[in-house]
Amino acid sequence: MGSKAKGRTVMEVGADGVAVITIVHPPVNSLSFDVLSSLKENFDQALRRDDVKAIVITGASRKFSGGFDITAFGGIQQGKDLPKPGFISVEVLTDTLEAARKPSVAAIDGLALGGGLEIAMICHARISTPTAQLGLPELQLGILPGFGGTQRLPRLVGLSKALEMILTSKPVKGEEACTLGLVDAVVSSDELLNTARRWALDIVERRRPWVASLYKTDKIEPLGEAREILKFARDQARKRAPNLTHPLVCIDVVEEGIVSGPRAGLLKESQASEELTRSDTAKSLMHIFFAQRGTTKVPGVTDLGLAPRQVKKVAILGGGLMGSGIATALILSNYPVILKEVNEKFLETGIGRVKANLQSRVKKGNMTQEKFEKTISLLKGSLDYESFKDVDMVIEAVIENVSLKQQIFADLERYCPPHCILASNTSTIDLNLIGEKTRSQDRIIGAHFFSPAHVMPLLEIVRTKQTSPQVIVDLLNVARKIRKTPVVVGNCTGFAVNRMFFPYTQAALLLVEHGADVYQIDKAITKFGMPMGPFRLCDLVGFGVAIATGSQFVQNFPERTYRSMLIPLMQEDKRAGETTRKGFYLYNDKRKASPDPELKKYIEKARNISGVTIDPKLVKLSEKDIIEMTFFPVVNEACRVLAEGIAVKAADLDISAAMGMGFPPYRGGIIFWADSLGSKYVYSRLEEWSKLYGDFFKPCAYLAERAAKGTPLSSPLEQAKSRL
Ligand SMILES: C[C@H](O)CC(=O)SCCNC(=O)CCNC(=O)[C@H](O)C(C)(C)COP(=O)(O)OP(=O)(O)OC[C@H]1O[C@@H](n2cnc3c(N)ncnc32)[C@H](O)[C@@H]1OP(=O)(O)O
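Keep in mind that this is a model prediction, so the values were computed, not measured.

(A) The arrangement of the overall build of the protein chain in detail. The secondary structure content of the protein chain amounts to 31 helices and 19 strands. Since a compact globule built from 724 residues should have a radius of gyration of about 27 Å, the 28 Å found for the protein chain is in line with a globular shape. Principal-axis analysis of the C-alpha atoms places the extent of the protein chain at approximately 85 × 65 × 60 Å. Classification of the 724 residues of the protein chain by burial places 57% in the buried group.

(B) Focus on the sheet that holds strand β9 (residues 185-186). Across the sheet, six strands lie side by side as β1-β2-β3-β4-β6-β9; this open sheet has mixed pairing. Across the chains shown, the open sheet's two edge strands, defined by having one partner strand only, are β1 (8-13) and β9. Strand direction decides the pairing type here: strand β4 (residues 104-108) and strand β6 (residues 125-128), joined by four bridges, are parallel. Across the sheet, Ala106 pairs through a bridge with Arg126, a residue of β6.

(C) How the structure looks around the side chain of Asn498. With respect to the helices, strands and loops of the structure, Asn498 is situated in helix α19 (residues 497-513). In contact with Asn498, other than residues within four places in its own chain, are Ser427, Thr428, His448 and Phe553.

(D) Focus on the side chain of Thr94. In this fold, Thr94 is placed in helix α3 (residues 87-98). With residues near it in sequence (within four places) discarded, Thr94 still touches Ser89, Ala99, Arg152, Leu214, Arg263 and Leu266.

(E) Spatial organisation of the packing of helix α6 (residues 159-168) against helix α10 (residues 246-260). Packing of α6 against α10 brings their axes to within 11 Å, and their N-to-C directions diverge by 155°. Relative to α10, the element α6 lies roughly antiparallel. Of the two possible hands of crossing, α6 and α10 adopt the one that is right-handed. The residues of α10 that touch α6, namely those facing Leu159, Leu163, Ile166 and Leu167, are Pro247, Cys250, Ile251, Val254 and Ile258.

(F) Quick peek at the site of the ligand. For the ligand, the set of nearby residues contains 24 residues, the closest of which are Gly115, Glu118, Glu138, Arg293 and Lys297. Take Gly115: an N or O atom from its main chain is 2.7 Å from an oxygen atom of the ligand. Contacts to the ligand include Arg293, whose side-chain N or O atom sits 2.6 Å from an oxygen atom. Notes on the ligand: free accessible area 980 Å², of which the protein chains cover 70%. Of all the secondary structure elements, the ones that give two or more residues to the shell around the ligand are β5 (111-113), α4 (115-122) and α12 (280-294). In terms of residue count, α12 provides more of the shell around the ligand than any other element does, three residues in total. Tallied by class, the residues present in the shell around the ligand amount to 13 nonpolar, six polar and five charged.

(G) Focus on the state of the cysteines. Using the criterion set out here, one finds zero disulfides in the structure. The cysteine Cys420 is free of any disulfide, with Cys416 supplying the nearest cysteine sulfur at 4.3 Å. Using a relative accessible area of 0% as the deciding quantity, one classes Cys420 as buried. In this structure Cys639 is not part of a disulfide, and its nearest cysteine sulfur, from Cys700, lies 4.9 Å away. Judged by relative accessible area, which is 0%, Cys639 ranks as buried.

(H) Examining the confidence of the model for the protein chain more closely. Per-residue pLDDT for the protein chain averages 95, and the proportion of residues at 70 or more is 98%. With a pTM of 0.95, the predicted complex shows an ipTM of 0.99.

(I) Molecular detail of empty space enclosed by the protein. Tallying each qualifying case throughout the model produces one cavity of 30 Å³ or more. Its volume calculated, the largest cavity comes out at about 50 Å³. Phe502, Pro503, Arg560, Pro633, Asn636, Glu637, Arg640 and Phe696 together form the lining of the largest cavity. When contributions to the lining of the largest cavity are tallied by element, the ones reaching two or more residues are α19 and α26 (623-643). Per-element accounting of the lining of the largest cavity gives the leading share, four residues, to α26.

(J) Fine view of the environment of Phe632. Within the secondary structure, Phe632 sits in helix α26. A relative accessible area of 0% means that Phe632 is categorised as buried. Along the sequence, Phe632 and Gln236 sit 396 residues apart, while their C-alpha atoms lie 32 Å from each other. Those residues in contact with Phe632, other than ones at most four positions away along the chain, are Ile627, Trp673, Leu677, Tyr681, Val682, Arg685, Leu686 and Trp689.

(K) Up close: the pattern of salt bridges. The tally for this structure, following the rule as stated, stands at 42 salt bridges. Through salt bridges with shared partners, a single network forms among Arg499, Glu559, Arg560, Glu637, Arg640 and Glu644.

(L) Examining the packing of helix α13 (residues 321-332) against helix α14 (residues 344-363) more closely. It is the contact of α13 with α14, at a shortest axis distance of 9 Å, that shows an interaxial angle of 55°. With respect to each other, α13 and α14 are oriented oblique. Crossing of α13 over α14 shows right-handed handedness. Seen from α13, the contacting residues are Leu321, Ser324, Gly325, Ala327, Thr328, Ile331 and Leu332; seen from α14, they are Gly350, Arg353, Val354, Asn357, Leu358 and Arg361.

(M) Layout of the UniProt feature "domain: 3-hydroxyacyl-CoA dehydrogenase NAD binding" (unreviewed entry) in the protein chain. Residues annotated by UniProt as "domain: 3-hydroxyacyl-CoA dehydrogenase NAD binding" (unreviewed entry) correspond here to residues 313-491. Secondary structure content for residues 313-491 is 40% helix and 21% strand, while the C-alpha to C-alpha distance between its ends is 26 Å.

(N) Structural context of the sheet that holds β5. Strand order in the open sheet formed by three strands is β5-β7-β8, with mixed pairing between adjacent strands. Looking at strand neighbours, the two that pair on one side only are β5 and β8 (172-173), the edges of this open sheet. In terms of strand pairing, β5 meets strand β7 (residues 133-135) through three bridges, oriented parallel. Bridging from a neighbouring strand, Leu113 pairs with Gly135 of β7. Along the sheet, α4 contacts β5 and β7; its crossing angle with β5, the most-contacted strand, is approximately 95°.

(O) Fine view of unusual backbone geometry. Cis rather than trans, the peptide bond between Pro26 and Pro27 has omega equal to 0°. Of note, Pro27 is situated in the loop between β2 (18-24) and α1 (33-48). Residue Pro452 is bonded to the preceding Ser451 through a cis peptide linkage, with omega at -10°. Among the structural elements, Pro452 can be located in the loop between β15 (444-449) and β16 (458-463). Within the chain, Arg62 stands out as a residue other than glycine whose phi angle is a positive 55°. Tracing the backbone shows Arg62 in the loop between β3 (54-59) and α2 (73-77). In this structure, Ser169 takes a positive phi of about 60° despite not being glycine. Relative to the elements of secondary structure, Ser169 occurs in the loop between α6 and β8.

Cut-offs and rules
Residues numbered from 1 in each chain as written. Predicted model: local features only at pLDDT ≥ 70, side-chain atom pairs only at ≥ 80, totals over all residues. Heavy atoms only, no water. Helix = DSSP H or I, 4+ residues; strand = E, 2+ residues; numbered from the N terminus. Rg over C-alpha atoms; globule rule 2.2 N^0.38 Å. Buried < 20%, exposed > 50% of the residue type's maximum accessible area, 1.4 Å probe, protein only. Pairing = 2+ DSSP bridges. Contact = heavy atoms within 4.5 Å. Axes fitted to C-alpha atoms, helices over the stretch in contact; angles between N-to-C directions. Parallel < 35°, antiparallel > 145°, perpendicular 65-115°, else oblique. Left-handed = near helix turned anticlockwise from the far one by under 90°. Near = heavy atom within 4 Å. Polar contact = N/O pair within 3.5 Å; in protein donor to acceptor, adjacent residues only side chain to side chain. Areas by Shrake-Rupley, 256 points an atom, 1.4 Å probe, with all protein chains shown as cover. Nonpolar A, V, L, I, M, F, W, Y, C, P; charged D, E, K, R; others polar. Disulfide = S-S within 2.5 Å. pLDDT = per-residue confidence, 0-100. 1 Å grid on protein atoms, 1.4 Å probe; cavity = no way out; pocket = protein on both sides within 12 Å on 5 of 7 lines; lining within 4 Å. Points joined across faces, edges and corners; volume = space filled by probe spheres on them. Salt bridge = Lys/Arg side-chain N within 4 Å of Asp/Glu carboxyl O. UniProt positions renumbered as here; feature names shortened; annotations may be inferred.

Structure follows, in structure tokens:
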């Protein structure tokens, strides 16, 4: 291997005549072009050598392979590094490895994902450990399995299961893989290599079958049944992701193999793979993949060599919706938790909520009763601070009241050990204010969960100027253990996510007061890919919360607030969202929303108070305009967040938008999406609207400067500053 090579394979030939080829490319043994060419070289060598009877392929460090090297897609997308279509999949993998005159067996531990599993399926048998994970998650990246997976998986496990595995991107574990026919035997890690070696020799001696997966037919359903399965899969794919075409392309490729034979399928797969790799969807989803992994790299924090301290016990203050959700998330990851409330009744309700959260898993079949008992036993209730003596972390989740929080933090300083992390789940309040009455500023940190906290994947970690890097590293580690994606942000009103959310609702209110239709806005935004439109969302969170958080922004950013009385007017009339069965929509017993003609009355009243007149242009807005007028103010605010250094990098905001706001990941996140349209375009439209509709739309300096220079919004801040 040259010093610059990205990974390799190594081959060792044993006295038994088995050549063991090991993929070596830490950390996940991904298949770079270097690994693939080294694999071909080793394989050719093994075929040439007279002392080699059979071949075993495995991965170093107990991981088979995490799939094709995703970093290599960048080069492919730019037209570089492009092997000719079908070269790897047909010439190398099918015509050299699978068609070889010596049998090969895959020895799978840890991961066999994407291209990794595809190489395993090319082998003539597969042995795995029980904990190995086998899957084809390519669709998550906007592409399809491109090394023959669309053809071989259906032939090994049947069409129905193969489509399920590919379309959901969910891997299966060793035991299930064995039941399905994807692997031939399951053994422990220690026995893996020896079993695979023996199996390979058994194939040579015809004691075991020599199977080329590509030509297996016994698992494939008859054509009529297959067509039904394909139709069902298409319907499901359209329903699940109406904006995405790559799942449908993938189904077409699978169908080609069923209808015209596996070689025709392989060729169609190669063509489709090349096209999809260059699609905007693939670029966006691959950006999200790396952005998600990049959130834990925080300059000046995670590069100091600090090891996270062990958090053995956590206390939570407040058993409301947030507190109970956080407690659920923690006990689900085996953290012992103390839940503190102010009286017996509240405590009982809080514990009841945690139980209900777990029970819903039991009902859905995702948790056994035994696991339920074990998990809930980790939760203890408390009415005082006595049991806080040995906690390593406290998360305060009481109502958003500054003086109450100040009192709590002063108490915590007295009762908790001096190393204890003091976290607040506040969604808007300045942390400096919360810790004002303590001398523990270095261990005060924001742990902003999103509701429902045991379900939503994002954790916004808020640091003040005094928060110590050690405490941030500790909380990042807790986030990893409870399987949340953390984003570390600076301290300000609303932090990153709520600051970006704020103009989203405001823009929608402005449009409606100027004549746009509530339901048309929600429809356009949902079609764009948000889980729901801004008005349906207001109904869901409730007008009380919407007004309370809104007022924080009105106070802090008055120059760019659009003041609308629409929500307060409706609330006065006891329309406060879904809980009152009336908000922007009417709700029936099954919580199904329908439009309400009465809404007009409130809109007119609000319009009169604001003193605005209907603008005919806004009455007939196109979907594109609705989307841009709603999201460009969000982009503008995201730019401010970046310029102020609240977010470390643009990609963190892409993740915050995708995981905290529901911004469609296949658009790459808020800044990535804006950059795909161009900073000049975003700026010019905001500038135009600010002249017509006021400062709410006024582009910020960061955006103006990027537009003037024609640079992307995502380029690092230093570059922006140097241009100031
Ligand atoms: C032709 C083929 O059909 C096309 C393909 O094979 S496309 C690739 C298909 N494979 C995948 O989608 C798997 C992607 N990877 C994953 O899901 C997860 O990384 C994993 C389950 C393998 C490991 O998860 P985990 O242990 O939590 O580690 P994770 O932090 O995600 O990854 C560790 C590092 O490996 C990198 N990595 C993981 N998979 C990679 C891959 N396939 N290519 C390149 N880098 C990869 C990550 O970026 C990360 O890098 P960093 O440390 O610099 O941030």
